[in-house]
Amino acid sequence: MDIRDKRVVLTGAGGGMGSILASELAKRGAKLALVDANAEALERVAAGIVDAHTVTGDLSSASGCQAVAGQCSELLGGIDLLINLAGLNSFAAFEDESAEKIELMMHVNLLAPMWLARAFLPTMLDQNSGRIVNVGSIFGSIGFAYFATYSATKFGLRGFSEALRRELVDSGVSVTYVAPRAVKTPMNTGPVVRMGKATGMNMDEPEAVVEKIIASIENDRKDVYLGFPESLFVRINGLLPRIVDGSLAAKDRIARKFAKGEK
Ligand SMILES: NC(=O)c1ccc[n+]([C@@H]2O[C@H](COP(=O)([O-])OP(=O)(O)OC[C@H]3O[C@@H](n4cnc5c(N)ncnc54)[C@H](OP(=O)(O)O)[C@@H]3O)[C@@H](O)[C@H]2O)c1
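Scoring rules and cut-offs
Residues numbered from 1 in each chain as written. Predicted model: local features only at pLDDT ≥ 70, side-chain atom pairs only at ≥ 80, totals over all residues. Heavy atoms only, no water. Patch = residues over 30% accessible without salt bridge, like charges linked within 9 Å, V, L, I, M, F, W, Y side chains within 5 Å. Areas by Shrake-Rupley, 256 points an atom, 1.4 Å probe, with all protein chains shown as cover. Salt bridge = Lys/Arg side-chain N within 4 Å of Asp/Glu carboxyl O. Helix = DSSP H or I, 4+ residues; strand = E, 2+ residues; numbered from the N terminus. 1 Å grid on protein atoms, 1.4 Å probe; cavity = no way out; pocket = protein on both sides within 12 Å on 5 of 7 lines; lining within 4 Å. Points joined across faces, edges and corners; volume = space filled by probe spheres on them. Nonpolar A, V, L, I, M, F, W, Y, C, P; charged D, E, K, R; others polar.

### Description of a nonpolar patch on the surface
Judged by side-chain polarity, Leu239, Leu240 and Ile243 come together as a nonpolar surface patch covering roughly 330 Å² of accessible area. As for its placement among the helices and strands, Leu240 is situated in the loop between helix 8 (230–239) and helix 9 (241–259).

Okay, here's the thing in structure tokens:
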């Protein structure tokens, strides 16, 4: 897809990757509707961009997503590209995860991309063109200890992306699923960063990941798994998960201390 002059809805635009992605899309001539719950962050991001509207909204409910979709459609006069980037993380032993946090993460990470895709799809199908980009995670293919809720949401997002892509095969609408490994953004708080250092977890710069997300759109990619050896482990985990259980066990024991806040 050539990004120039495309009407783009980007969620999570105020965040670590979203703010960079917004300005890179703008440089390529996109017309942007930038969506985020954080109004201040959104205004900061939009300040440096000429062709951008901002939509402050909470994506944690169907009605919130519907309202956001309506505002974006009106501001842009339609849509060509939906990028579902907003997301939440939680690093915790599952026995310590609250019911509220589980529900919120399912809403924001999984249901919001589905609700937004549902809202914009009729327009895309009518014009017989459009692309939906769902930003998942390597944890959407490899269930990670102490990220059980997050992994579940991203596994769901990957399944949704695959099914929808197959459903739309005879239409002009396409679906891209991009799965980064860990990225240096505010999503990863102190304990995650310390655990990452202790276990040798690779962490990418957000600029490099954004470049790959843009390339996946421009090159009409279907599934993109970022980083080596993580992209290889995705394949091995799909075929031989017991091997991955074994290779992660020692790191999982170290991670537990950070997830439980032990010294
Ligand atoms: N960072 C990583 O290691 C990593 C790795 C793989 C995949 N990803 C995925 O990449 C995406 C972007 O992550 P990031 O690292 O850029 O995270 P980030 O810096 O935390 O940005 C996420 C953005 O989403 C917004 N958001 C959260 N809940 C929302 C809601 N209910 N309604 C509207 N907006 C909401 C946040 O707003 P607030 O600031 O108000 O919360 C924030 O601006 C996520 O989907 C994430 O799962 C991240």
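### Thoughts on the layout of surface pockets
Considering only enclosed or pocket space, the largest pocket measures out at about 980 Å³ in volume. Within the residue set of the lining of the largest pocket, elements represented by two or more residues are helix 1 (16–27), helix 4 (99–127), helix 5 (148–167) and helix 6 (190–199). Broken down by element, the lining of the largest pocket gets its largest block of residues, three residues, from helix 1. Residues belonging to the lining of the largest pocket are distributed by class as follows: 22 nonpolar, 16 polar and four charged. Computed from the structure, the second largest pocket encloses a volume of approximately 380 Å³. If you go around the second largest pocket, you meet 20 residues; those closest to its centre are Phe144, Met201, Glu230, Leu248 and Lys251. Counting only elements with at least two residues in the lining of the second largest pocket, the list comes to helix 6, helix 8 and helix 9. At six residues, helix 9 tops the list of elements feeding residues into the lining of the second largest pocket.

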